[in-house]
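A closer look at the structure
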Amino acid sequence: HRPNWWIHGGSYSLQFTQNYVTNNWYQGGQSTNTVLGSLAFNANYNDKEKVIWENLFEGRLGITSSPSDTVHNYLVYSDLLRVYSKLGIQATKRWYYTITGELNTQFCNAYSKNSTVLQSAFFAPANFTFTVGMDFKYNKKALNFSLLLSPAAYSMRYVGNSKVNEVNFGLKQGDDFLHNIGSKVTTTWTLTLFKS
């Protein structure tokens, strides 16, 4: 049998919350219903010799009722669509030459309370980041740690909806794209306290 160097995994959750405030409660407030769904899926490759390739898809969407909002029955309070990939070629025992790419945006249109003005939408904005650097990895049974030092990093922001004000996201009036070049430092760690 050929060895399979791929490891797949993920997690998902769906949460419901109801907050009830009686009319007799003197401090005020409002009753709300919320739902939050999240999904994360990873597909990682490690040939135990030279190459490590980590891939992540992440989605999250949260909606809450808004009784005091005269325009909307529900508002989006958490919204994320993210795709991430990191490719490393081993340089020493714990260091890897690494390139990364990440794209993130949101699923839904977002409005402020009691407003019909569109604040953000799908691909408005969308953020893309590409980095080149060195990744330090430390893996033990209970701890997985990564320190990614990227002296060369490029980021691009795109606002692809004419109803969204691009100035709110750092772009100049009338522009669709914003480009930045710089550096980036990223740490990622997972600590297992209890096996259960």
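See the structure printed just above.
Residues numbered from 1 in each chain as written. Predicted model: local features only at pLDDT ≥ 70, side-chain atom pairs only at ≥ 80, totals over all residues. Heavy atoms only, no water.

Observations regarding the packing of aromatic side chains
- Under the counting rule described, the total for this entry stands at 6 aromatic pairs.
- Ring centres of Trp-95 and Phe-136 lie 5.3 Å apart, and the angle between their planes is 55 degrees; this geometry places the pair in the tilted category. Residue Trp-95 is located in strand S5 (residues 95–105), and its partner Phe-136 is located in strand S8 (residues 126–139); the two are separated by 41 residues in the primary sequence.
- Judged by its relative accessible area of 22%, Phe-136 is partly exposed.
- Consider the rings of Phe-122 and Phe-123, whose centres lie 4.9 Å apart with planes at 55 degrees: the pair is tilted.
- Accessibility expressed as a relative area gives 44% for Phe-122, which makes it partly exposed.
- Exposure remark for Phe-123: the relative accessible area of 28% places this residue in the partly exposed category.
- An aromatic cluster is defined as three or more aromatic residues linked by ring pairs; in this entry it consists of Trp-6, Tyr-45 and Trp-53. (Phe/Tyr/Trp six-rings, centres within 6.5 Å; stacked < 30°, edge-to-face > 60°. Helix = DSSP H or I, 4+ residues; strand = E, 2+ residues; numbered from the N terminus. Buried < 20%, exposed > 50% of the residue type's maximum accessible area, 1.4 Å probe, protein only.)

Digging into unusual backbone geometry
- Of note, the amide linkage connecting Ala-124 to Pro-125 takes the cis form, showing an omega dihedral of 10 degrees.
- As for its position among the elements, Pro-125 is in the loop between strand S7 (118–120) and S8.
- Positive phi, normally seen in glycine, also occurs at Lys-48, with a value near 65 degrees.
- Relative to the elements of secondary structure, Lys-48 occurs in the loop between strand S2 (32–46) and strand S3 (51–65).
- Given the relative accessible area of 61%, Lys-48 is considered exposed.
- Even without a glycine there, the phi angle at Asn-114 is positive, about 60 degrees.
- Here Asn-114 lies in the loop between strand S6 (110–111) and S7.
- Judged by its relative accessible area of 39%, Asn-114 falls in the partly exposed class.

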